[in-house]
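Residue strings, one per chain:
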Number of protein chains: 2
Amino acid sequence: MKLDLSNALLNSELKEYQDKVNAIHQSLLDKSCLGNDFIGWLDWPLDYDKEEFDRIKSVAEEIRNDGDVLLVCGIGGSYLGARSAIEMLNGLYPDDKLEIIYTGNGLSATYLQQVLNHIEGKSVYLNVISKSGTTTETAVAFRIFEKYMYAHYDKEEAQRRIIATTDKARGTLKALADAKNYRTFVIPDDIGGRFSVFTAVGLLPIAASGVDISEIMKGCQKAHKDFQDSSLESNIAYQYAVARRILEQQGKCNELFVTYEPSMTMVAEWWKQLFGESEGKDGKGIFPGSVTFTTDLHSMGQFIQEGTKNLFETLLLVENPTYDIKFPSDSDNLDNMNYLADKSVNWINKMACLGTIDAHVNTGKVPNIILTLDDTSAFSYGYMIYFFFRACAMSVLLLDVNPFNQPGVEVYKKNMFNLLGKPE
Amino acid sequence: MKLDLSNALLNSELKEYQDKVNAIHQSLLDKSCLGNDFIGWLDWPLDYDKEEFDRIKSVAEEIRNDGDVLLVCGIGGSYLGARSAIEMLNGLYPDDKLEIIYTGNGLSATYLQQVLNHIEGKSVYLNVISKSGTTTETAVAFRIFEKYMYAHYDKEEAQRRIIATTDKARGTLKALADAKNYRTFVIPDDIGGRFSVFTAVGLLPIAASGVDISEIMKGCQKAHKDFQDSSLESNIAYQYAVARRILEQQGKCNELFVTYEPSMTMVAEWWKQLFGESEGKDGKGIFPGSVTFTTDLHSMGQFIQEGTKNLFETLLLVENPTYDIKFPSDSDNLDNMNYLADKSVNWINKMACLGTIDAHVNTGKVPNIILTLDDTSAFSYGYMIYFFFRACAMSVLLLDVNPFNQPGVEVYKKNMFNLLGKPE
């Protein structure tokens, strides 16, 4: 993974932040930073439960062999990580028997009913993911789909097909799963939802989609090693962390996450939760938005080029995408496209990207931070995610904000529970 | 459709804008406003070509009877309108034989290759949509899929299955379609891409998806009638237009489009093009973002509630969603959810919405503009789209910006063409 700040239009130098970065880095390592009860993700690439990891692989294999549909029932960090990996690594039209459907992440009856219709007659597995089991969206969908399972399979078979990822010992969902003999996987106590993709939360659905999750772990292990040194000369995660803060100082209140692969749109959604939920507190934070290019050059491109000058872009490019296509020649050339004959479509995409960077930076004066992944492999996915974990923690701590809580999410819940008449 | 500004926290009164609104309204009617060569959309609900409309219906019927897949090949306004309607009206898991796949809206070879793999062995129709035929993304994909068609069908059959929506007389695509005997539909000269969903651009794919497009036209006709009067007492499109400008004056530089139905996520994407491309010029404009609730309450909710106070929300709610589900009772109640037993899931969603409005407005001090649609019918879709057309034109003209051009989109294209070595 590479970081290029040469188009970031920074007006201060990264190294001015070195002392602060060193201090925060140390506070992470010795677990004295803000929110220090939720930094289990930091050494997770080494500390993860290997026995459970093997069990995840084996259950995933069973789902793959036996299932047509896997329902992933979770919200926020309990589905965005898995979905970001599954779409990036398998694409939007994967050639796979197993279809993965995300549910329990909203309260639309129309969506639930259409999923119920869609899965009728198929071999279904259900993975419910919730630390407590009391998250309304997930609990509502889970009861509906759990009933579906018992209506379509005998008791023992339904029990085999329902898998809970939840607290190791406590909570409503753990108790329910134990009482009903469902298999369970663990959400660790010290890892928050948006940092949980390397736990069973993300890994079970990802493995079920056919991805080699060992490669993901190798990727995050490599990143864990690469980001041990806090020097802003070499640590690209911290370079990104600091560059964001400098741009914020320059009046850029919006960050747009840009990809050139439609399969990475959910990576952007995952990133928006990571950064938005980590730093949007105390009236602070850069607003995280996203676009998929070149698609959205024909919708949001105008605004970025010539609209209000309060944006910067963070590009996540891929050096070697999964497939390439040679653009065909045509003897009639009625479309006048023969000037691209025999060119690689990835090369065309790359030229569009370079032309856009030039347009946005040099004409539009919009700073561009450019990240480049080697490829869309499971290894690169793992590396990238851990890069963002470290970058996010550093960037938010530089703002004197606790990156690991989300107190504001409780306000709507409290109001909603009142309106729903939930007993205390 | 209803508009509620009681939670918009406006610190000036709409009526202060009445004189300006009257003048702009008149300049639209007498076609003297900025960008007046592109306001064909204004009276289109009455002026549209009825003979072509019938022909759209008949070709759509043929596609429905005969096709497994319709490839919609277009970018920006040439696909966002159709996709927004198709997903809102049919849902994300429609129970339909015909699958609609969007292509020609990007340059990812991986995406193109996966679509090629996915359609293999299926009965395919191809609708290419481009005014000129020279838009790179669409032209690249079209040549690739056109070759696919000739490789899989004999010449006459391929010709029957390829349909071009393009200029009525000029341009590369029109000439190509005529030379190859493809059926064509017209993109009018005075209607820009983001205002084109009521033309063949949107209507052919929408009709092919099984929607009754006559109902869409009835909806926009009703809106056309309802918004003839420029009074801010009654014209909700202009109320919305002015409210945005007042909030901008109050320092709100970001507008978040909020829906509570996942099937309306593409309506938000369509809206982002409409407003972003119309007003993001001359260093001006409100940045248009979007979220789908309750899903994104668990990702962006924290930022909205407690982050930087430069946002307002525009909610698009649905009074009567397509389906409802009665939340089931459970004798064991191991999940403690029986307090919701026999409640309607739509009611639960509504309570989540009311709780969120209260949390964001009263605790978070985030202004909320609330739009409510009666239902997700084709009629309501047509009404809503025309509402946004009128609101957008008024809101952007209030900013002294031409709402109907997109000069900034040319900058990246020019750079890209240089890099691609395109002949003059």
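Residues numbered from 1 in each chain as written. Chains lettered and ligands numbered in written order. Predicted model: local features only at pLDDT ≥ 70, side-chain atom pairs only at ≥ 80, totals over all residues. Heavy atoms only, no water.

It is worth spelling out the packing of helix H16 (residues 409–420) of chain A against helix H14 (residues 345–363) of chain B at this point. Here H16(A) crosses H14(B) at 135 degrees, and the two axes come no closer than 8 Å. With respect to each other, H16(A) and H14(B) are oriented oblique. Crossing angle aside, the handedness with which H16(A) passes H14(B) is right-handed. Contacts from Val411(A), Tyr412(A), Asn415(A), Met416(A), Leu419(A) and Leu420(A) in H16(A) reach Trp347(B), Ile348(B), Met351(B), Ala352(B), Leu354(B), Gly355(B), Thr356(B), Asp358(B), Ala359(B) and Thr363(B) in H14(B). Looking at the contact of H16(A) with H14(B) residue by residue, the class counts come to 11 nonpolar, four polar and one charged. (Axes fitted to C-alpha atoms, helices over the stretch in contact; angles between N-to-C directions. Helix = DSSP H or I, 4+ residues; strand = E, 2+ residues; numbered from the N terminus. Parallel < 35°, antiparallel > 145°, perpendicular 65-115°, else oblique. Left-handed = near helix turned anticlockwise from the far one by under 90°. Contact = heavy atoms within 4.5 Å. Nonpolar A, V, L, I, M, F, W, Y, C, P; charged D, E, K, R; others polar.)

Enumeration over the complete set of coordinates arrives at 58 salt bridges over all chains. Linking Glu51(B) and Arg55(B) is a salt bridge whose minimum nitrogen-to-oxygen distance equals 3.8 Å. Taken together, the residues Glu51(B) and Arg55(B), both in helix H3 (residues 50–66) and four residues apart, mark about one turn of the helix. Since its relative accessible area comes to 51%, Glu51(B) is described here as exposed. Among the residues examined, Arg55(B) registers a relative accessible area of 29% and is labelled partly exposed. Three or more residues joined by partner-sharing salt bridges are found here, namely Glu62(A), Asp66(A), Glu157(A), Arg160(A), Arg161(A) and Arg183(A). (Salt bridge = Lys/Arg side-chain N within 4 Å of Asp/Glu carboxyl O. Buried < 20%, exposed > 50% of the residue type's maximum accessible area, 1.4 Å probe, protein only.)

All names here are of chain A. Note that glutamate 137 resides in helix H6 (residues 136–152). What makes glutamate 137 buried here is its relative accessible area of 1%. A polar contact is formed between the side chain of glutamate 137 and the side chain of tyrosine 412, at a distance of 2.9 Å. (Polar contact = N/O pair within 3.5 Å; in protein donor to acceptor, adjacent residues only side chain to side chain.)

On the chain A side, the residues contacting the 117 residues of chain B number 117 residues. At the boundary of chain B with chain A, the tally comes to four salt bridges. Between Arg143(A) and Asp335(B) there is a salt bridge, with the nearest N and O atoms lying 2.7 Å from each other. At the boundary of chain B and chain A, one finds 49 residue pairs in polar contact (both at pLDDT 80 or more). The dominant element in the side of chain B that touches chain A, judged by the number of residues it contributes, is H14(B), at 13 residues.

This part covers the domain arrangement of chain A. Residue and element names in this part refer to chain A. As far as domains go, chain A holds domain 1 (2–32 + 217–397) and domain 2 (44–211). Computed over C-alpha atoms, the centres of domain 1 and domain 2 are 30 Å apart. Both sides of the domain 1 and domain 2 interface together cover about 2300 Å² of buried area, and 74% of this is carbon and sulfur. Of all residues in domain 1, Met217, Met266 and Tyr381 bury the most surface against domain 2, accounting for 31% of the area lost on that side. Counting across the domain 1 and domain 2 interface gives one salt bridge. A salt bridge links arginine 194 to glutamate 277, with the nearest nitrogen and oxygen atoms 2.9 Å apart. Taken together, the links from domain 1 to domain 2 amount to seven residue pairs in polar contact (both at pLDDT 80 or more). (Domains from an automatic or database assignment. Buried area = accessible area lost by both parts, 1.4 Å probe.)

All names here are of chain A. Strand order in this open sheet of five strands is E1-E10-E9-E7-E8, and the pairing throughout is mixed. Across the chains shown, the open sheet's two edge strands, defined by having one partner strand only, are strand E1 (2–4) and strand E8 (287–292). Averaged over all pairs of adjacent strands, the angle between strand axes in this sheet comes to 20 degrees, irrespective of strand direction. Note that strand E7 (residues 254–259) and E8 share six bridges and pair parallel. Paired with asparagine 254 across the bridge in E8 is phenylalanine 287. On the sheet, helix H12 (residues 265–279) packs against E7, E8 and strand E9 (311–320) and is oriented at approximately 175 degrees with respect to E8. Here helix H14 (residues 345–363) sits on the sheet and contacts E9 and strand E10 (368–375); the angle it forms with E9, its principal contact strand, is near 160 degrees. (Pairing = 2+ DSSP bridges.)

Of the transformation superimposing chain B on chain A, the axial component is 0.0 Å and the angular component is 180 degrees, with the fit at an RMSD of 0.0 Å. Taken together, these values place the two copies in the relation of a two-fold axis. Distance from the rotation axis, computed per C-alpha, reaches its smallest value in chain B at Gly289(B): 3.4 Å. Looking at the interface residues of chain B, 100% of them are also at the interface in chain A, so both copies use one shared face. (Least-squares fit on C-alpha atoms with pLDDT ≥ 70 in both.)

What follows covers helix H10 (residues 213–226) of chain B. Residue and element names in this part refer to chain B. Given a rise of 1.5 Å per residue, 14 residues ought to cover 20 Å, and the 20 Å separating the end C-alpha atoms of H10 matches this to within 8%. When we look at burial in H10, the residues that qualify are Ile213, Ile216, Met217, Gly219, Cys220, Ala223 and His224. Looking straight down H10, one finds that the buried residues subtend no more than 155 degrees of arc, so they occupy a single side. Sitting at the head of H10, aspartate 212 places a side-chain oxygen 3.0 Å from the backbone nitrogen of serine 214. (Expected span 1.5 Å × (residues − 1). Arc of directions from axis to C-beta.)

Residue placement: Glu306(B) occurs in helix H13 (residues 301–306). In this structure the C-alpha to C-alpha distance between Glu306(B) and Cys392(B), which are 86 residues apart in sequence, comes to 29 Å. Not counting residues up to four positions away in its chain, the partners in contact with Glu306(B) are Gly280(A), Lys281(A), Asp282(A), Gly283(A), Lys284(A), Pro407(A) and Gly408(A).

Right, let's talk about the sheet that holds strand E10 (residues 368–375) of chain B for a bit. The strands that make up a sheet are held in pairs by hydrogen bonds between backbone atoms, and each pair lies either parallel or antiparallel. Residue and element names in this part refer to chain B. Taken in spatial order, the five strands make up an open sheet running E1-E10-E9-E7-E8, and their pairing is mixed. The open sheet has two free edges, formed respectively by strand E1 (2–4) and strand E8 (287–292), since each of these has just one partner strand. On average, each strand axis in the sheet is tilted by 20 degrees relative to the strand beside it, whichever way the strands run. Pairing geometry for strand E9 (residues 311–320) and E10, over seven bridges, is parallel. When the bridges of E10 are listed, valine 318 appears paired with leucine 373.

Here we come to the side chain of Thr308(B). For Thr308(B), the location among the structural elements is in the loop between H13 and E9. Engagement of the side chain of Thr308(B) in a polar contact is seen with the backbone oxygen of Gly285(A), the distance being 2.5 Å.

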